[in-house]
Each structure stands twice: as structure tokens, then as C-alpha cells.
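Chain residues, written in single-letter form:
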Amino acid sequence: DQLAAIVTLLLIPVFATRPWVWAYRATPPTNPTARVVANTALALISFQLFVLYFQAAIAKLGVSEWVEGTAMWYLLNEPSFGLGAHGASRFANLVAHAPVTAALTWTPLLIELAIAACQLGSHRARRIAIALGVVLHVAIALVMGIVSFSLVMIGALTISAARGTGPRTMQAPPLERTAAPAADAVQL
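Model, not experiment: these values are computed from the prediction.

Draft legend 1. Molecular detail of the overall build of the protein chain. Looking only at helices and strands, the protein chain has 8 helices and 2 strands in total. The N-to-C order of helical and strand elements in the protein chain reads α-β-β-α-α-α-α-α-α-α. When the 188 residues of the protein chain are sorted by exposure, 32% land in the buried category. In the protein chain, of all internal contacts separated by at least 6 residues, the share reaching a separation of at least 24 is 68%.

Draft legend 2. Focus on helix H2 (residues 32-60). Counted at 1.5 Å a residue, the expected span for H2 with its 29 residues is 42 Å, and the 42 Å between its end C-alpha atoms agrees. Looking at the buried side of H2, the elements it contacts are helix H1 (2-16), helix H3 (64-68), helix H6 (98-119), helix H7 (123-144) and helix H8 (147-161).

Draft legend 3. Just the pattern of salt bridges, in detail. Tallying each qualifying case throughout the model produces 1 salt bridge. We note a salt bridge from glutamate 112 to lysine 60, for which the minimum N-O separation is 3.0 Å. Taken together, the positions of glutamate 112 in helix H6 and lysine 60 in helix H2 put the pair 52 residues apart, joining distant regions of the chain. Judged by relative accessible area, which is 7%, glutamate 112 ranks as buried. Accessibility expressed as a relative area gives 17% for lysine 60, which makes it buried.

Draft legend 4. Region of the structure containing the packing of aromatic side chains. In the structure shown here, the tally under the stated rule is 3 aromatic pairs. Among the aromatic residues, those joined into a ring-pair cluster are Phe47, Phe50 and Phe54. The ring of tryptophan 66 has lysine 60 sitting right over it, with the charged end atom 5.4 Å from the ring centre.

Draft legend 5. Region of interest: the confidence of the model for the protein chain. Overall, the prediction assigns the protein chain a mean pLDDT of 80, with 73% of residues at 70 or greater. Ranking the helices and strands of the protein chain by mean pLDDT puts H6 first, with 94, and strand S2 (residues 25-26) last, with 56. Long-range and interchain partners of residues 166-175, a stretch whose pLDDT sits below 50, account for 23 contacts in this model, where long-range means more than four residues apart. For the stretch residues 184-188, pLDDT sits under 50, and the model shows 0 contacts to residues farther than four places along the chain or on other chains.

Reading guide: rules and limits
Residues numbered from 1 in each chain as written. Predicted model: local features only at pLDDT ≥ 70, side-chain atom pairs only at ≥ 80, totals over all residues. Heavy atoms only, no water. Helix = DSSP H or I, 4+ residues; strand = E, 2+ residues; numbered from the N terminus. Buried < 20%, exposed > 50% of the residue type's maximum accessible area, 1.4 Å probe, protein only. Contact = heavy atoms within 4.5 Å. Expected span 1.5 Å × (residues − 1). Salt bridge = Lys/Arg side-chain N within 4 Å of Asp/Glu carboxyl O. Phe/Tyr/Trp six-rings, centres within 6.5 Å; stacked < 30°, edge-to-face > 60°. Lys NZ or Arg CZ within 6 Å of the ring centre and 35° of its normal. pLDDT = per-residue confidence, 0-100.

Okay, structure coming up:
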């Protein structure tokens with residue numbers, strides 16, 4: 001809920017600086033100051049996600065079950081918070097093997113670190129973060145039942161990926177071409 005509130009607050013300058021038209025799209029702000037304000041707000045969302053995912057991964061390293069690779073065994077066998085009695089019995093053979101349990105335990109940490117790193121990268125890296133985030137948060141929603149948290153995180157990653165790309169974001173509109181066609185162009 002706190003992340004949803006922070007992202008919503010940071011979206012206010014983005015939407016307040018964009019001229020909206022009744023065509024289901026917004027044009028980028030033409031005022032350079034408005035563009036800087038909007039880009040700064042979007043960059044702060046990416047930075048917030050970097051801090052959140054990096055801290056989530058690093059904090060797990062302070063818990064012995066995560067370091068040992070057994071945290072997912074405990075989570076999947078917890079009757080009130082994990083898969084429950086019916087789901088746990090289906091996965092009992094799978095998590096009975098230590099390498100499988102360790103892989104299931106360490107995968108979320110690696111995904112969280114990758115998402116954090118992607119927030120510092122290019123638009124393409126942030127798009128990869130969306131894919132990783134969808135995988136991670138759909139798994140969290142299915143295993144732990146925290147659907148609203150998962151939707152907020154996927155939404156925040158999607159907003160973060162919009163920064164710095166094309167006409168749907170805060171880049172200046174391209175200059176119109178008024179030059180004559182090239183002399184060597186063949187006309188039909």
C-alpha cells in the first residue's frame with residue numbers, strides 16, 4: 001500500500017505536465033521545465049523500485065533459512081500462509097530434494113536483484129524487469145495469496161518501463177521534416 005501511495009504521488013507531476021486531448025493519448029510536454037519535472041518523477045519511481053527490490057533481496061540474506069536454501073520448504077509447507085494442506089501434498093515430493101528447494105529459495109532473490117539492476121538500466125532493461133516481475137509476482141500471488149501486492153508491483157514496474165521511450169513518454173516531440181525529397185530518389 002505504501003508503494004502504491006508513493007507511485008501515485010509521483011505520477012501527479014507526470015500527468016499535470018502533459019497536455020491531454022480527447023483521443024486516448026497524451027502528447028509529451030513541450031515546455032522543457034515540465035518535461036524535466038515529469039522525467040524526474042518517473043526517474044524517482046525507478047529509483048524507488050531499485051531500492052525496494054535491492055533491499056528485499058539483501059534483507060533475505062540476513063535470515064538463515066534463505067541463506068541455507070530452505071526458506072521455500074517452510075513457506076510451501078505452512079498451512080495458513082503457503083499452499084495449504086492440499087497444495088503442499090502435491091509439492092511434497094518436489095521440495096523433498098534439497099537442490100530443488102535451494103533453487104526455489106534462491107530464484108526469488110536472483111530475480112529481485114535482476115529487477116533492481118534493470119531499474120538502473122535502459123528502457124530495454126526495464127522491459128525485462130516487467131517480465132521478471134510478472135513471473136515473480138504471479139508466483140507470489142499463487143503461492144502466498146497476496147494478489148493486491150502483486151498487482152501494485154507489476155503496475156509500478158510497468159510505469160517505470162515507460163520512462164525514456166517514444167512519444168508516449170516525456171521525450172520532446174520529433175521535429176517535422178520540411179526538406180525536399182532527396183535528388184536521387186526515384187519517383188514512380
